[in-house]
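Structure at a glance
The primary structure of each chain is shown beneath.
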Amino acid sequence: MNHRDSLAELAALTEALVLEHRAEEARYGAILDGQPVSVRKAEGLTWSPVRVIRTRFTLGGRPTVEVQADGGEPGAFRAGSAVQLTSDDTKGDKVSHRGIVRSARGLEAEVVLDGEDLPDQVMHRTWVLDARFDERSFKEMARALSDVLNAGHDGKPSRLAALREVILGYARPEPVEPEPFEHPTLNASQNLAVGHALTAPEVTTLHGPPGTGKTTTLVQLVRALVRRGETVMCATPSNAAADLLVERLGGAGLQVVRIGHPMRVDPSVANRALDRLVAADPDFKQVKQYRRQADDATREAEREVRNFGPDQRTARRAAFAEARQLRKEADRLEGFLAERALESAEVVCCTLVGAADRMLQGRRFGTVVLDEAGQALEPGAWIPIRLADRVVLAGDACQLPPTVKNPAALKAGLGVSLLEKAIARDRNVHLLDTQYRMHADIMAHPNRVFYGGALMADAAVADRALEGLAPLTYVDTAGRGWDEERSVAQADKTGRSHASIRNPEEAQFTVDRLRELMKAHPESSVGVIAPYRAQVTLLEELLAADVAQAHGRLSIQTVDGFQGQERDIMVIGLTRSNADGEVGFLSEHRRMNVAMTRARMHLLVIGDSATLGADGFYADFIQSCEQSGAYRSCWEWA
C-alpha cells in the first residue's frame, strides 16, 4: 500500500475517477456537440428528422415513444442504447428528453424515457435522436466514494467505515473459527470457502480461477445464508453476469428479484424482474386503470381544436393536471407493490450501479456478494457495499481487469479492482483449487504463471482429449513474412476513433487449420479468438459460410467476448507480426489467461515467435511448448 491511510487512498481513487469521467465526456462531446447532424448521421450516432408515431406507458408506468426516422443509418441503435430526443419548442428553445432504446429495427425504435410524463405535444414535433454519454454510472460511483470517505466522520459507529478499513487492509479482520460446512456437490476447497464466508464478520475473498466452480460455490453459499434468515444481495459489473446469477439462484429454489432497467434484463429471467413481479400482482390492475385514465386525459388535452381560446386553454390545463394527479396515484400504488415484492425476496440481484436504485434506498443486507469482482471498477464496487453488513468478493484478478480508457486514470490506479487489492492484502482469501474444464496440459502454463501451480485438474478432465489430437499445439509462423497491417481508423458507436490490427495471411492460415479440425471432429464445439477487432472482422468474413453451416457450433470473438465461456476446441490467432517485436495490448497477460483457459480438450495457438518472443510471457510459453512436444512450424503446411 502506497497511502498513509484509507482516506488518502480513496481520495486518490476519486481523482482517478474524475479523470476517466472527464475524458469520456469529452470524447462523446467532441463528436456529438462539435459536428453537424449530417456528420453524426453518417457516423451512425444520430437519426434525423424523427417523428413520434405512437406513445404509451410500460407495465411499470414508464413513458414510451415509438419513433420513425427519415434519415440516418439503419440499425444505428440497439436495445439498451442510451439516447436523447431533442426538439425545438414553440419559442425556438431546445427541449431534450433522455431514455433507453427498448427495441429497434431499421429506422424505427421504441424508446423508454426517463421521468414520469410524456413530453408535451410529443407527436406534433419533429425530433432528433442522438446517442448520448450515459453518465449515471459515474455519478453513482462518485456518490459512493463520497459516502465511503465520509463514513464515521461524525464520531458515531459506522459499519461502512469498519468495512472500509478491513477491506482496504488498514485494520485486521476479526479472527473467527470457520463454520463447519459440507455439501455433497462441492469439493473440499469449495466447502472450506463457504464455511469461512458464513463466519467472517467483515469480508471473505473467494478466488475462483477458470473452471473451478465459482458460481456453483456461490449458489450454495447464498442458500446457506438464506436458510439462516438473511436477505442477500448479489451484485455484478454487467447485466449478463447478474442475469446468470438470477438463473442459477432461481434454479436452486430461491426467491430472487432482479433489479434493473427492463430493457437490460435478459428475456430468460424477465419473469423475476421487479417490474414484471409488480405487474403480476393482483392489485396492479388498479395501477393500469389509473394510467388508462391519465392517457385519456392527456389525449383530450392534446386534441387539436379549430378555435383555441381562453376556455379551451383552461380545459387543457385542467386535463393535464388531472393526468399528472392520476399518474402520481399510479406511481404511489406501484411503489407500494414494489416494496411488497422486495419484502418477499430472499435474494436481490443487480448490477453495481443498479444497487443505487431508489427502491433499495434505506435497505440493509446481511451479506452482499460481489461476483466477477475482478472486472469491477473499485468505485463501482463500493455502491452495493454501502448496503452491507458483510461482504463476499468473488472472482479472479488474473482474468479480465476493469475497463479504463484514459491512460492518466489507469496510471492513477483506477484499473486495480477491489478484488485484486483484497487478494494482495490477504483479506481472508480462499482459492478454489480444482478445475473441471480443461485437460491438464492446457491448464499447465496458466497454472504456473498465474496461480503458482496451486490448481489441480479433476480426474474427470485431466486426461480428457479428442481422438488423434494432442491437447495443446503452438504453431509458429516466424519467417513466413506474414506482417501485420493497421486498419483505417473509424469512429465506433461510442464516438471513439480508433485503428485496429489485422494479419490477412495469418487469418487465412487460421481458417485452413480450423476447417481441418472441424472436419476431423464434426461434433465438437469450436471457438476462435483474435485479440483485435479488425482481425475478428476479417475472420468472420472468411468463415461466414462455415458459421452458417455449423448451426451454433462455431463462434468467433475477441477475448472479452469469450469471458465465462468454454468450447471443446479453441483456436487463438495472436495476429502481431512485426520487425520491432511490438505486441501491443497482448502484453496484458491476463487477457491471454482468459483466452487459453476457454478450451476443454484442444487448444491451438498460432503466432510469430520472432515478434512474441520479445515478451517474457510468450517466450516462456513457446519454450514450454518446445519442451513438451507441442511446438510445430507453419512451414509444415507450406
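Analysis parameters
- Residues numbered from 1 in each chain as written.
- Predicted model: local features only at pLDDT ≥ 70, side-chain atom pairs only at ≥ 80, totals over all residues.
- Heavy atoms only, no water.
- Helix = DSSP H or I, 4+ residues; strand = E, 2+ residues; numbered from the N terminus.
- Domains from an automatic or database assignment.
- Pairing = 2+ DSSP bridges.
- Axes fitted to C-alpha atoms, helices over the stretch in contact; angles between N-to-C directions.
- Contact = heavy atoms within 4.5 Å.
- Parallel < 35°, antiparallel > 145°, perpendicular 65-115°, else oblique.
- Left-handed = near helix turned anticlockwise from the far one by under 90°.
- Nonpolar A, V, L, I, M, F, W, Y, C, P; charged D, E, K, R; others polar.
- Salt bridge = Lys/Arg side-chain N within 4 Å of Asp/Glu carboxyl O.
- Buried < 20%, exposed > 50% of the residue type's maximum accessible area, 1.4 Å probe, protein only.
- Disulfide = S-S within 2.5 Å.
- Phe/Tyr/Trp six-rings, centres within 6.5 Å; stacked < 30°, edge-to-face > 60°.
- Lys NZ or Arg CZ within 6 Å of the ring centre and 35° of its normal.
- Expected span 1.5 Å × (residues − 1).

**As for unusual backbone geometry**
The linkage connecting Ser48 with the following residue, Pro49, adopts the cis geometry, with an omega of -10 degrees. Structurally, Pro49 can be placed in strand β1 (residues 46–57). Although it is not a glycine, Glu372 adopts a positive phi angle of roughly 50 degrees. Within the fold, Glu372 resides in the loop between β11 (365–370) and α11 (378–385).

**Digging into the domain arrangement of the protein**
You can read the domains of the protein as domain 1 (35–133), domain 2 (137–255 + 352–431), domain 3 (280–342) and domain 4 (438–636). Between the C-alpha centres of domain 2 and domain 3 there is a distance of 42 Å.

**Regarding the sheet that holds strand β12 (residues 388–395)**
What holds strands together in a sheet is hydrogen bonding between their backbones, with the strands either parallel or antiparallel. Overall, parallel pairing links the seven strands, which are arranged β9-β10-β8-β11-β12-β7-β13 in an open sheet. Looking at which strands have only one partner, the edges of the open sheet turn out to be β9 (256–258) and β13 (429–431). Each adjacent strand pair in this sheet contributes to an overall mean axis angle of 20 degrees, direction not counted. Relative to strand β10 (residues 347–351), β9 runs parallel, the two sharing three bridges. Opposite Val257, over in β10, you have Val348 as the bridge partner. Here helix α7 (residues 239–251) sits on the sheet in contact with β8 (232–236), β9 and β10, set at roughly 160 degrees to β10.

**Looking at the packing of helix α3 (residues 136–150) against α11**
The interhelical angle for the contact between α3 and α11, taken along N-to-C directions, is 65 degrees, at an axis separation of 8 Å. As summarised for this structure, α3 and α11 are arranged roughly perpendicular, according to the angle between their axes. For the crossing formed where α3 meets α11, the hand is left-handed. Two secondary-structure elements touch here, α3 through Glu140, Met141, Ala144, Leu145 and Val148 and α11 through Pro379, Gly380, Trp382 and Ile383.

**Here we look at the packing of helix α19 (residues 589–596) against helix α21 (residues 616–628)**
Between α19 and α21, the least distance of the axes is 10 Å, while the angle of their chain directions is 35 degrees. In this structure, α19 contributes His589, Met592 and Met596 to the contact, and α21 contributes Phe617, Tyr618 and Phe621. Of the residues contributing to the contact of α19 with α21, the split by class is five nonpolar, one polar and no charged.

**Let's talk about the pattern of salt bridges**
Oppositely charged side chains can pair when the atoms bearing their charge come close. Tallied over the entire structure, the rule returns 39 salt bridges. With a shortest N-O distance of 3.0 Å, Asp283 and Arg340 are connected by a salt bridge. With Asp283 in the loop between α8 (274–280) and α9 (284–302) and Arg340 in helix α10 (residues 310–343), this residue pair connects regions lying 57 residues apart in the sequence. Between Arg600 and Asp568 there is a salt bridge whose closest N-O contact spans 2.6 Å. Of this pair, Arg600 sits in strand β24 (residues 599–607) while Asp568 is found in strand β23 (residues 567–573), placing the two residues 32 residues apart along the sequence. For Asp568, a relative accessible area of 14% puts it in the buried group. By sharing partners, the salt bridges in this structure join Glu9, Glu378, Lys421 and Arg425 into a single network.

**Focus on the state of the cysteines**
Per the stated rule, a full pass over the model turns up zero disulfides. The thiol sulfur of Cys398 is not disulfide-bonded, and the nearest other cysteine sulfur, from Cys625, lies at 20 Å. A residue is classified by how much of its surface remains accessible, and Cys398, at 14% relative accessible area, is buried. Looking at Cys625, it has no disulfide partner, and the nearest cysteine sulfur is the one in Cys634, 15 Å off.

**Overview of the packing of aromatic side chains**
A complete count under the given rule lists 10 aromatic pairs for this structure. Ring centres of Trp482 and Phe509 lie 5.4 Å apart, and the angle between their planes is 50 degrees; on these two criteria the pair is classed as tilted. Residue Trp482 is located in the loop between β16 (472–476) and β17 (485–486), and its partner Phe509 is located in helix α16 (residues 504–520); the two are separated by 27 residues in the primary sequence. Note on Phe617 and Tyr618: the rings are 5.0 Å apart at their centroids and 85 degrees apart in plane angle, and the pair reads as edge-to-face. A relative accessible area of 1% places Tyr618 in the buried class. Aromatic rings pair up to connect Phe450, Tyr451, Phe617 and Tyr618 into one cluster. Positioned above the aromatic ring of Trp635, the side-chain terminus of Arg480 is 4.6 Å from the ring centre. One Lys or Arg, Arg513, reaches over the ring of Phe509 and ends 4.6 Å from the middle of that ring.

**Observations regarding helix α6 (residues 214–227)**
Taking 1.5 Å of rise per residue, 14 residues should cover 20 Å, and α6 covers 20 Å from first to last C-alpha, within 8% of that figure. The buried fraction of α6 amounts to 11 of the 14 residues, a majority that puts the element mostly inside the structure. Within the span of α6, buried status applies to Lys214, Thr215, Thr217, Leu218, Val219, Gln220, Leu221, Val222, Ala224, Leu225 and Val226.

**Digging into the pairing of strand β3 (residues 82–88)**
Along β3, five of the seven residues are buried, which leaves the element largely enclosed by surrounding structure. In terms of strand pairing, β3 meets strand β4 (residues 94–105) through seven bridges, oriented antiparallel. The residue of β4 that forms the bridge with Val83 is Gly99. Relative to strand β6 (residues 127–131), β3 is paired through four bridges, and the arrangement is antiparallel. What sits directly across from Thr86, in β6, is Val128.

**Focus on the side chain of His439**
With respect to the helices and strands, the residue His439 is situated in the loop between β14 (434–435) and α14 (440–450). Look past the residues within four positions of His439 in its chain and what remains in contact with it is Val461, Ala462, Asp463, Arg464, Ala465, Pro471 and Arg600.

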